[in-house]
Amino acid sequence: MSDGQPPVWLDPEHVGRRREPLSTLRRAVPDDGATCVDLDGDWEFQLRPRPDAAAGERWLTAQVPGCWTTEPSLWGEVPDPPWYTNDQMPWPDLPPTPPTEHNPTGVYRRSVEVPAEWAGQRVLLHVGAAESVLLVRVDGHDVGSSTDSHLAAEFDVTAWAAPGATVQVELTVVKWSSATFVEDQDQWWHGGLTRSVRLVTRPVLHLSDVRTVARADGRLDVDVRVGSDEGRLPAGWRVATRLAGSELAFDAVAHARDLDDERISLYRGRARFAGIFPGIATWTAETPVLHELTVELRDATGALVDSVVQRVGFRTVEVIGADLLVNGRRIFVRGMNRHDRDPLTGRVVTREQVREELLTLKRFGFNAVRTSHYPNDPVFYDLTDELGFYVVDEANIESHAWAHEICDDPAYLPAFTQRVARMVRRDRNHPSVIIWSLGNESDYGANHDAVAAWIRRDDPTRPVQYEGAIKDDWNAGFAASDIVCPMYAHIGQMVDHVTQNPPIRPVIQCEYSHAMGNSNGSLAEYWQAIESLPGLQGGFVWEFADHGILQRSADGLPAGRAGAGSFADGVPAEGFRWASGGDFGDTPNDGAFCLDGMTFPDGTAKPAMFEHRELSSPVRLSVVDGDVRIRNALDFSGLGHLRAQWRLDATDGTSLTVPAVLPDLAPGCSAVVALPAEVVAAGSGERWLQLLLSQAVDTPWNPAGAEVSRPAVRLADVAVVQEAVWSPASVDDEGQVSFPGLPTRPELTLWRDPTDNDVIAGDAERWIVAGLEETGAVVESVRADGEATVVVSRLKTAVGDVVHTQRFRVAGDVLGCDDTVEVPEGFDDLPRIGVRVALPVPDVARWFGTGPWETYPDRCTAPTGWHELPVAGLGVPYVRPQENGGRTGVRELHLGGVRFSFDQPVHATVTASGVTLDVRHRGLGSASCGPNALPQFRIGAGTHAWSWSVRAR
């Protein structure tokens, strides 16, 4: 640094020095060593307390890529564990000043042999990502610097890396900087080199960028940039482009326009090509067809100097009025927010891990990903191109703690501009990227308008979005957002927006349905509105995975890479746990707010994922005038990739499966189908029909035979005549019932263990204050009443007394009970109304209701039918213990020889110690960050009655 200038980590206007421009070309990919030397692996390492601290004597060994925060063996005398905050900064200093006394700084160094055959070529050092400021030295020479923790930095080191020589590369990573203030995302703070490091060579004259625009009508435009020291190609040199064996024509019109406009200087290293490919297969998330484009640079003799292969997907993205269109068709965005994260390595991900996460999303019906809140690892975009996802590519800008100040601060304008522009320059050729996002939760200011304008000029082929621009007024912010992309808007707000006035932009929530713990209530209600109203097109669930970090119980330290294999199916092995904010002594912190994923930290799906799968089923069923109608709910595809079976379940015990033939339906079309005669005639009582959909052929995301979804409809009931002669049950003076298989009288309960949503919304505290946590309603009377014995009990609460009346009667081997619960005025939101039955539970439970996965009243799109599971598998091991394991809509429940039947669907929770049967159970909502349970899923004052019977055999 020059005299009088602040260090780069203290200068908000410093974004990098001597950094090569990012482009669409990826050269830093390991090969045979001819053009790339892989520097991943062991590096010498020191962790120092601050960037200006003196070097220590002892050098440790660090793995690159890696976070030192997850590897305690690297800390030495500078402990620096992971630190979790949501919207606050970890320290109180004002922008742009980070801590100066304690600013962990990692110094990596290693010797590198530059291949001798690289003589006469450029040599570049590629650093995939460094958090948060990177300083580069080669053999003691100051090479350059970079900011932005989630994009690569490349440096020309030709002057210091002579071919055949061995040089020392030193990479210094400063954790806290002025740039940290625009990286205040809801995630763990880490430090390290988090993506791969490579040494790369290129010809002096080389292909520096290839920009493609491939439209759905088959037109392909290719803009090739050639890098050279002189800025122009020597005489006779040429560029050629080829797709599917056909060479593209040089775009003489574009070249003439440049000449007329006196832009000849731009053409010195530029060549444009165009081609028309009528009928070529287009790209969509359902049909991710890619084509290879070859670009070659040849010298005057025709010899090949440089070449690249780019994958092209022909598709068009537009916003027209209130519709986001892909290839001219309105789509539904079934999205997920996703971070690059790992419970062992922190910020470091592998291609295999990213692929598995995307496969999980694909299998559960998601078709879109928002890269919250920064550009993801480059392999992510390769895989979303291949597997088929719509991507909202988001810039690494979040100034949550100081949002109002930084968005209008010109000192941070370079950071905004570079982060957005470099993202666009890197990712513009990926067909999966359909929207650019300016960042997240940084209020809205002049800096946003500036970068939005830059994108629209540089890449007019995609819309731009930014939540901050519309957060206060959905009819404003046009300069920075082509889409209304709110966070956690409730359903009524969405509906009002598109029905009270004609919508003028598509509404696609950038975050909704917060997945903290047992959550994601009312996804069905969201999608009923989205799929039925013009202007609503979907949204992105928050978020894919819990951000728990594997922690050793013995010493409280991160397990790091050594923890591999120490968890399975979402559960850590003995001696480990999933850590959240504060568990590493990180203060201040935002606690367990990072445990808000639809999968566990290891990627194991939670039950809410199945809810989404059924809501996004490619086939929908409905009953119209007694007939079954099938509708193709896909946007672009037919149903030929699916195989199906009919399954009929009835409360009389019937469960019948027969083959089904899917009609040949175009997207959005429907047809009435004839059911097989054996299905029509089967079963009595309540009857439900499922369509079991599976993959008919292998796809990159699902093998043939894999289950896709299970849409279901209720058929007409077939009446069952039941006659019984009832007599009073045997009940003692204390209200205990004498009946085989029922060792104790079912007792009233109004309490459930609070979910994360209940706690954060304050509902749990209200329930505790009301006294609902207290158990044991007191029996007031036992009396005979005709054919029944009546037990009246009373539960005293701070709000008022709740009276529970039970009428017990017997008929042979059946005990019947009519339950009535009178809830006084003053209660408007109870957790449950039910009875708890203590009884020995067998190993397996069988029930007729929703399932087989966990369901709740506002998360119950699961098929209704007969299900059977081990009792040990009914519960869900949410990281923070809370209400779990329920099954709603239960009509029959069989626990070995004890069989319960209900006059109306109940919510049943079975554990090893007994069963709880609720006539009403509160919904889950998503109030930890979003709407609470909807009114129809809350429980208030009044009389609640239901009847049930139990048979013991």
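As a reminder, the structure under discussion sits directly above these lines.
Residues numbered from 1 in each chain as written. Predicted model: local features only at pLDDT ≥ 70, side-chain atom pairs only at ≥ 80, totals over all residues. Heavy atoms only, no water.

Caption draft 1: Expanded view of the overall build of the chain. Helix and strand counts for the chain come out as 13 helices and 59 strands. The C-alpha radius of gyration of the chain comes to 32 Å, within 12% of the 30 Å expected for a compact globule of 953 residues. Principal-axis analysis of the C-alpha atoms gives the chain an extent of 105 × 65 × 50 Å. Counting over 953 residues, the chain shows a buried share of 59%. (Helix = DSSP H or I, 4+ residues; strand = E, 2+ residues; numbered from the N terminus. Rg over C-alpha atoms; globule rule 2.2 N^0.38 Å. Buried < 20%, exposed > 50% of the residue type's maximum accessible area, 1.4 Å probe, protein only.)

Caption draft 2: Spotlight on the packing of aromatic side chains. Enumeration over the complete set of coordinates arrives at 21 aromatic pairs. Judged by centre distance (5.7 Å) and plane angle (65°), the rings of W188 and F584 are edge-to-face. Taken together, the residues W188 in strand β14 (residues 187-189) and F584 in the loop between β38 (576-579) and α10 (607-615) connect sequence positions 396 residues apart. Its relative accessible area of 4% is what places W188 among the buried residues. Between the aromatic rings of F848 and W866, the centroid separation amounts to 5.4 Å while the plane-to-plane angle is 75°, which identifies the pairing as edge-to-face. One end of the pair, F848, is in strand β54 (residues 844-850); the other, W866, is in strand β55 (residues 864-870), with 18 residues separating them in the sequence. Relative accessible area serves as the criterion here: at 0%, F848 is assigned to the buried category. A relative accessible area of 6% means that W866 is categorised as buried. Grouping aromatic residues by their ring pairs yields a cluster made of W83, W91, W176, F181 and W189. Just above the ring of W527 sits the side chain of R334; from NZ or CZ to the centre is 4.5 Å. When the ring centre of W726 is taken as origin, the NZ or CZ atom of R809, which lies over that ring, is 4.4 Å away. (Phe/Tyr/Trp six-rings, centres within 6.5 Å; stacked < 30°, edge-to-face > 60°. Lys NZ or Arg CZ within 6 Å of the ring centre and 35° of its normal.)

Caption draft 3: Up close: unusual backbone geometry. Backbone torsion omega between S372 and H373 reads -15°, so that peptide bond is classified as cis. Following the sequence through the fold, H373 ends up in the loop between β29 (368-370) and α4 (378-387). Cis geometry marks the peptide bond from W542 to E543; its omega dihedral reads -5°. Position of E543 among the secondary structure elements: in the loop between β34 (536-542) and β35 (549-552). A positive phi angle is found at A244, which is not glycine, with a value near 50°. One can find A244 in the loop between β19 (238-243) and β20 (246-247). Its relative accessible area of 65% is what places A244 among the exposed residues.

Caption draft 4: Representation of the sheet that holds β29 in the model. The 7 strands lie next to each other as β32-β31-β30-β29-β28-β34-β33, forming an open sheet whose pairing is parallel. Two strands close off the open sheet at either side, each with one partner strand: β32 (464-465) and β33 (507-514). Where strand β31 (residues 433-437) lies against β32, 2 bridges are found, and the strand directions are parallel. Paired with S437 across the strands is Q465, a residue of β32. Each of β30 (390-394) and β31 is contacted by helix α6 (residues 413-427), which is oriented at about 170° to β31, the strand it contacts most. (Pairing = 2+ DSSP bridges. Contact = heavy atoms within 4.5 Å. Axes fitted to C-alpha atoms, helices over the stretch in contact; angles between N-to-C directions.)

Caption draft 5: Looking closely at helix α13 (residues 763-770). When we look at burial in α13, the residues that qualify are D763, A764, W767 and A770. Seen end-on, α13 carries its buried residues on one side only, within an arc spanning 125°. Facing away from the buried side of α13 by over 90 degrees, the exposed positions are E765 and V769. Close packing links the buried residues of α13 with α12 (756-760). (Arc of directions from axis to C-beta.)

Caption draft 6: Structural detail: the pairing of strand β23 (residues 291-298). The buried fraction of β23 amounts to 6 of the 8 residues, a majority that puts the element mostly inside the structure. Here 6 bridges tie β19 to β23, and the two strands are oriented antiparallel to one another. Across the sheet, the residue bridging to A240 is E296, located in β23. In the sheet, β23 pairs with strand β24 (residues 304-312) via 8 bridges, with the strands oriented antiparallel. The residue bridging H291 from the neighbouring strand is V312, located in β24. Counting the residues that bridge the hairpin from β23 to β24 gives 5 residues, and of these G302 lies at a positive phi of roughly 95°.

Caption draft 7: Broad picture of the packing of helix α3 (residues 351-363) against α4. In contact at an axis separation of 10 Å, α3 and α4 are set at 40° when each is read in the N-to-C sense. Considering the relative orientation of α3 and α4, their crossing is right-handed. Seen from α3, the contacting residues are R351, V354, R355, L358, L359 and K362; seen from α4, they are V379, F380, D382, L383, T384, E386 and L387. (Left-handed = near helix turned anticlockwise from the far one by under 90°.)

Caption draft 8: Quick peek at the sheet that holds strand β25 (residues 317-320). Read across the open sheet, the 3 strands follow the order β25-β26-β27; overall the sheet is antiparallel. The two strands at the open ends of the sheet, each matched to only one other strand, are β25 and β27 (329-330). In this sheet, strand β26 (residues 323-326) lies alongside β25 in antiparallel orientation, the contact comprising 4 bridges. Paired with V317 across the bridge in β26 is V326.

Caption draft 9: View of helix α7 (residues 446-458). Compared with an ideal rise of 1.5 Å per residue, which puts 13 residues at 18 Å, α7 spans 19 Å between its outermost C-alpha atoms and is within 8% of the ideal. Turning to α7, its buried residues are N447, H448, V451, A452 and I455. Seen end-on, α7 carries its buried residues on one side only, within an arc spanning 130°. Against the buried residues of α7 lie α5 (403-406), α6, β31 and β32. (Expected span 1.5 Å × (residues − 1).)

Caption draft 10: Representation of the state of the cysteines within the structure. The tally for this structure, following the rule as stated, stands at 0 disulfides. With no disulfide of its own, C594 has C929 as its nearest cysteine by sulfur position, at a separation of 14 Å. Under the relative-accessibility criterion, C594 is labelled buried at 2%. Between C929, a cysteine without a disulfide, and C510, which holds the nearest cysteine sulfur, the sulfur-to-sulfur distance is 10 Å. (Disulfide = S-S within 2.5 Å.)

Caption draft 11: Just the environment of V950, in detail. Tracing the backbone through its elements, the reader meets V950 in strand β59 (residues 942-952). According to the relative accessible area criterion, V950 is buried, its value standing at 1%. Here the alpha-carbon distance between V950 and R899, two residues 51 residues apart in the chain, equals 5.4 Å. Setting aside anything within four residues of it in sequence, one finds V950 in contact with F739, L742, D813, V814, L815, V898, R899 and F900.

Caption draft 12: Examining the pattern of salt bridges more closely. Under the criterion given, the structure shown has 69 salt bridges. The salt bridge partner of R370 is E511, with a shortest N-O separation of 3.1 Å. In this pair, R370 is assigned in strand β29 and E511 in strand β33, connecting sequence segments 141 residues apart. By the burial criterion, R370 is buried, and E511 matches it. (Salt bridge = Lys/Arg side-chain N within 4 Å of Asp/Glu carboxyl O.)

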